[in-house]
Amino acid sequence: MKKTCINNCPIAQAGALVGDMWVILIVRELLSGAKRFTGLREALVPCDSITPVNSRTLTARLKMLEEAGLVLRVEFKHEMPPKVEYSLT
């Protein structure tokens, strides 16, 4: 019997993404529409904390979700300072 690699299984990959608390909260916030980085950061406060998500953590999770094809990142270079908006694909 041939075993399949778990890394090639889309269900396993989705489970690994959704298993992260911040990923679930990011998706929840983006369900209501596109958000800018600061808006996401301020909205992501765990129930047992008064501090929003760390900027480094949020950046890493957003990049991971973008690479997975779940989040679209749009840059507004014509604005000063340049802004970025995130939305679900």
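Given the structure is predicted, the values throughout are model-derived calculations rather than measurements. (Residues numbered from 1 in each chain as written. Predicted model: local features only at pLDDT ≥ 70, side-chain atom pairs only at ≥ 80, totals over all residues. Heavy atoms only, no water.)

Colleague: Please clarify how the sheet that holds strand S2 (residues 71–76) should be interpreted in this entry.
Modeller: Picture the strands of a sheet paired through backbone hydrogen bonds; they go either parallel or antiparallel. The three strands lie next to each other as S1-S3-S2, forming an open sheet whose pairing is antiparallel. Of all the strands in the sheet, just strand S1 (35–36) and S2 have a single pairing partner and so form its edges. Where helix H2 (residues 21–30) meets the sheet, its contacts fall on S1, S2 and strand S3 (83–88), and the angle it forms with S3 comes to roughly 95°. (Pairing = 2+ DSSP bridges. Helix = DSSP H or I, 4+ residues; strand = E, 2+ residues; numbered from the N terminus. Contact = heavy atoms within 4.5 Å. Axes fitted to C-alpha atoms, helices over the stretch in contact; angles between N-to-C directions.)

Colleague: Help me understand unusual backbone geometry, please; the structure alone is not making it clear to me.
Modeller: Glycine aside, residues mostly have negative phi, and peptide bonds are mostly found in the trans state. Residues methionine 80 and proline 81 are joined by a peptide bond in cis, for which omega reads -5°. The topology assignment puts proline 81 in the loop between S2 and S3.

Colleague: When you look at the pairing of S3 in this model, what are you seeing that I'm missing?
Modeller: The side chains of a regular strand alternate between both faces of the sheet. Of the pairings in the sheet, the one linking S1 to S3 comprises two bridges and is antiparallel in character. The partner of arginine 36 across the bridge, within S3, is glutamate 85. As paired elements, S2 and S3 share six bridges and run antiparallel to each other. Bridge pairing in S3 places glutamate 75 opposite valine 84.

On their own, these measurements won't tell you what the molecule is for.
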